[in-house]
Amino acid sequence: MRQQFLIPAMVLCGLTLSACEKETEEEKVAKTFQEVNVIDETNLNEVLLTAADPNEAVTYFQGAAAKNPGRIDLQRGLAISLARAKRTTEAAAAWKKVTTMKGAANVDKIEYADALVRSGNWTQAKTVLDSIPPTYESFKRYRLEAVVADSKQDWKRADHFYETAVGLTTRPGSVMNNWGYSKLSRGEFEEAERLFTEAIRQDNTLFTAKNNLVLARAAQGNYSMPVVPLTQAERAMLLNTMGISAVKQGDVTTAKNLFREAIATHPQHFEEAVRSLRALEEA
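The structure presented is a predicted model; accordingly, all values stated were derived computationally and were not measured.

Chemist: Help me understand the overall build of the protein in this model?
Modeler: Tallying secondary structure elements over the protein gives 14 helices and zero strands in all. Helices and strands appear in the protein in the N-to-C order α-α-α-α-α-α-α-α-α-α-α-α-α-α. Counting only residues that meet the buried cut, the protein has 37% of its 283 residues in that class. Sequence separation of 24 or more characterises 46% of the internal contacts of the protein that already satisfy a separation of 6 or more. Carbon and sulfur atoms make up 54% of the accessible area of the protein, which totals about 16,600 Å².

Structural data, given as structure tokens:
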């Protein structure tokens with residue numbers, strides 16, 4: 001009798017073990033697919049953050065973050081996408097949320113401060129920057145510290161932070177341009193001219209620096225074209241900028257000549273210079 005009960009019990013145990021093994025295999029398969037999905041999602045996130053239309057990326061990350069509210073990577077993706085889409089106020093709010101989440105780092109506070117600067121909230125940006133330990137050093141941090149100091153006309157701190165930022169990057173052209181504009185706003189035209197020239201030497205595609213350079217030179221009464229790489233269209237636009245500067249300084253004759261040269265130089269119809277010249281001739 002014992003044997004009769006023993007055999008069914010063994011069969012039942014064998015079936016149970018078989019079922020356990022089957023479940024284990026299914027779990028392995030499910031885990032594998034989950035890992036593949038995570039990899040695919042990571043790749044998709046990277047594509048959306050770089051190649052996709054910014055507003056499409058915003059829509060994607062809004063939906064993904066809503067489904068997974070605890071995932072900081074998705075909230076970061078949303079913040080980055082909003083910044084790329086020039087939706088600065090929303091980007092600032094998104095970065096603020098990132099800084100409160102588990103896993104947030106100092107770099108997230110830097111991005112939050114950057115979004116605040118771009119939205120014109122200088123006071124809050126300074127508060128965020130002040131909350132970052134002084135031991136955390138990065139090019140972006142010091143560039144932001146410099147422009148915030150500029151906004152408060154704290155020139156000594158601004159110069160210190162600009163100089164530090166320049167030393168922390170291999171591509172200082174843009175920060176030199178910002179530093180030069182700071183000098184220009186203070187009326188230090190010669191120093192501004194030097195910094196704009198250095199910025200262009202570092203990156204000769206920076207048209208903003210070229211435009212600022214002619215502003216600094218014109219402020220000193222120098223209306224000659226600087227020796228920097230220029231396309232024909234850029235040369236015309238810089239002549240137009242110098243013409244506007246001459247008008248502001250009351251030098252109408254020089255302004256007319258500069259506008260005429262700008263019109264003659266531009267490879268296409270230069271409506272802005274034409275309007276300016278017509279206004280001076282009809283005055």
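After that view of the structure, there is still more to cover.
Chemist: It is not clear to me how the packing of helix α5 (residues 106–118) against helix α6 (residues 122–130) should be interpreted in this structure. Could you clarify?
Modeler: Describing two packed helices takes the angle between their axes plus the distance from one axis to the other. Taken N-terminus to C-terminus, the directions of α5 and α6 make an angle of 165°; their axes are 8 Å apart at the nearest point. With respect to α6, the axis of α5 lies roughly antiparallel. As α5 packs across α6, the resulting crossing turns out to be left-handed. Only W122, Q124, A125, V128 and L129 of α6 make contact with α5, whose side of the interface consists of K109, I110, Y112, A113, L116 and V117. A per-class count over the contact of α5 with α6 returns nine nonpolar, one polar and one charged.

Chemist: What is the right way to look at the pattern of salt bridges in this model?
Modeler: A pair can form between side chains of opposite charge whenever their charged atoms are brought close. Evaluation of the coordinates by the stated rule reveals 19 salt bridges. In this structure, R157 and D154 form a salt bridge, with 3.6 Å as the shortest nitrogen-oxygen distance.

Chemist: I tried to follow helix α7 (residues 139–151) on my own but got confused; where do I start?
Modeler: Along an α-helix, residues three or four apart share an orientation, since each turn contains 3.6 residues. In this model, α7 (13 residues) spans 19 Å end to end at C-alpha, consistent with the 18 Å of a helix rising 1.5 Å per residue. The buried fraction of α7 is high, at 10 of 13 residues. Of the positions making up α7, those classed as buried are R141, Y142, R143, L144, E145, A146, V147, V148, A149 and D150. In this structure, the buried side of α7 is in contact with α5, α6, α8 (155–166) and α9 (173–186). One or two residues past the end of α7 sits Q153, with phi positive at roughly 55°.

Chemist: What exactly am I supposed to notice about the side chain of D114 here?
Modeler: Checked against the element boundaries, D114 lands in helix α5. With sequence-adjacent residues up to four places away left out, D114 is seen in contact with K140, R143 and L144.

Chemist: Which parts of the structure should I look at to understand the packing of aromatic side chains?
Modeler: Here the distance between the centres and the angle between the planes together describe a pair of aromatic rings. What the rule picks out here adds up to three aromatic pairs. Both rings, one in Y60 and one in F61, keep their centres 4.9 Å apart while their planes meet at 75°; by these two values the pair is edge-to-face. Among the residues examined, F61 registers a relative accessible area of 0% and is labelled buried. With a centroid separation of 5.8 Å and 15° between ring planes, the pair formed by Y162 and W179 is classed as stacked. Of this pair, Y162 sits in helix α8 while W179 sits in helix α9, and the two are 17 residues apart along the sequence.

Cut-offs applied
Residues numbered from 1 in each chain as written. Predicted model: local features only at pLDDT ≥ 70, side-chain atom pairs only at ≥ 80, totals over all residues. Heavy atoms only, no water. Helix = DSSP H or I, 4+ residues; strand = E, 2+ residues; numbered from the N terminus. Buried < 20%, exposed > 50% of the residue type's maximum accessible area, 1.4 Å probe, protein only. Contact = heavy atoms within 4.5 Å. Areas by Shrake-Rupley, 256 points an atom, 1.4 Å probe, with all protein chains shown as cover. Axes fitted to C-alpha atoms, helices over the stretch in contact; angles between N-to-C directions. Parallel < 35°, antiparallel > 145°, perpendicular 65-115°, else oblique. Left-handed = near helix turned anticlockwise from the far one by under 90°. Nonpolar A, V, L, I, M, F, W, Y, C, P; charged D, E, K, R; others polar. Salt bridge = Lys/Arg side-chain N within 4 Å of Asp/Glu carboxyl O. Expected span 1.5 Å × (residues − 1). Phe/Tyr/Trp six-rings, centres within 6.5 Å; stacked < 30°, edge-to-face > 60°.

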